[in-house]
Amino acid sequence: MLIPFGLAGVGVLGLAGWSAWVGRKAEEMVPADGRFVDVPGARLHVVELGAADAAGPAIVMIHGLMAQLRNFSHSLAGRLARDHRVILVDRPGWGYSRLAGPRPDLAAQGRMIAQLIETLGLEKPLVVGHSMGGAVSLALATERPEVPGALALIAPLTQVVDRPPAVFRGLMAPPGVREVLAWTIAVPMAVAMGKRGAEAVFAPDPVPADFATAGGGVLSARSSAYQMGSFEIRMAERAMPPLVARYGEIRVPVSILYGRQDALLDPALHGERTAAGIAGGTLTLVDGGHMLPLTHVDETEAWLREVLARMG
């Protein structure tokens, strides 16, 4: 009996070592792009684009699940930075942002982003949230309503979901199990299934050829990404109901953009229902899938500029 246990131990150590090596290689391919800003509970990785004294509202962009800030810098942020100050942030625990305490729920992340906005001296910025970043943006508006000038939500998670999208169901491991999986099979599976997983997230749109590097996609193959993704997909089950219950409190303008063919989140549930439930909420539909900031850049930029124009 000692031999099988010994071989199992060697196998686990081998997988852990290989997973660590993959993580280092991913970080070599996609290094940190910006600087770090400390807020209570986290050190946030931030990229600042555009002139600090640009006219009009600053723009703060918050990415989604299994993602990082290059989802925005790939195609969209540079266009907006021509005439606006644009702040891209790795959400707490994602990309190169590091936690200094427990993993935060949606409300805590909203407060962290609000603190970042205040630390950077931004006055009533437009907060842009994609996917899970949309939920964080809504949490910010309920936790710190005085901070944002408006919300622009792209394919956002806004309602309770009974079952996560199929591509994310492997993240449903409970605490204790997720840490073991993160250092054994999660990284090999991410490497083996990465292309298929990206295609499912982008469907029906094609995955950009340079998404792994210019879009930051390769960072999702790290053990830390699996652990944070597993935490968030389960945390959202608990955090969304109380957040949805507070939508009636939101007084800042909320604009929502959805792709009609979104294969991850239902535009009727997360777009139409939410826009109807928030005073003055609006919904715009375009042809496309879930990753509009990378695949339908012209339409997304035009919509954001309409939102900015309404802010005055």
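Residues numbered from 1 in each chain as written. Predicted model: local features only at pLDDT ≥ 70, side-chain atom pairs only at ≥ 80, totals over all residues. Heavy atoms only, no water.

Caption draft 1: Helix 9 (residues 223–244), seen in detail. For helix 9, with 22 residues, the first-to-last C-alpha span of 31 Å sits near the 32 Å given by 1.5 Å per residue. Where helix 9 bends most, at A236, the angle is about 40 degrees. (Helix = DSSP H or I, 4+ residues; strand = E, 2+ residues; numbered from the N terminus. Expected span 1.5 Å × (residues − 1). Bend = angle between axes of the 7 residues up to and from the residue.)

Caption draft 2: Structural context of the side chain of R85. With respect to the secondary-structure elements, R85 resides in the loop between helix 3 (77–80) and strand 4 (86–89). Of note is the side chain of R85, whose polar atom sits 3.0 Å from the side chain of E48. If near-sequence neighbours (up to four positions away) are discounted, R85 is found in contact with E48, L49, A51, A52, A54, A58, I59, L120 and L122. (Polar contact = N/O pair within 3.5 Å; in protein donor to acceptor, adjacent residues only side chain to side chain. Contact = heavy atoms within 4.5 Å.)

Caption draft 3: Examining the layout of surface pockets more closely. As a volume, the largest pocket reaches approximately 1200 Å³. Lining the largest pocket are 47 residues, and of these A190, M193, G194, G197 and S220 sit closest to its centre. For the lining of the largest pocket, the secondary-structure elements that each account for two or more residues are helix 1 (2–29), helix 7 (186–202) and helix 8 (211–214). A per-element tally of the lining of the largest pocket places helix 7 first, with 14 residues. (1 Å grid on protein atoms, 1.4 Å probe; cavity = no way out; pocket = protein on both sides within 12 Å on 5 of 7 lines; lining within 4 Å. Points joined across faces, edges and corners; volume = space filled by probe spheres on them.)

Caption draft 4: Spatial organisation of the packing of helix 4 (residues 106–119) against helix 5 (residues 132–143). Orientation of helix 4 relative to helix 5, taken along the N-to-C sense of each, is 75 degrees, at an axis distance of 7 Å. Between helix 4 and helix 5, the interaxial angle falls into the category roughly perpendicular. Facing L106, A107, Q109, G110, R111, I113, A114 and I117 of helix 4, the residues of helix 5 in contact are M132, A135, V136, A139, L140 and E143. (Axes fitted to C-alpha atoms, helices over the stretch in contact; angles between N-to-C directions. Parallel < 35°, antiparallel > 145°, perpendicular 65-115°, else oblique.)

Caption draft 5: Local environment of the environment of R43. Checked against the element boundaries, R43 lands in strand 2 (residues 42–49). The class of R43 is partly exposed, set by a relative accessible area of 43%. Leaving out residues up to four positions away in the same chain, R43 has contacts with F36, V37, D38, Y96, S97 and R98. Side-chain polar atoms of R43 contact the side chain of D38, separated by 2.6 Å. (Buried < 20%, exposed > 50% of the residue type's maximum accessible area, 1.4 Å probe, protein only.)

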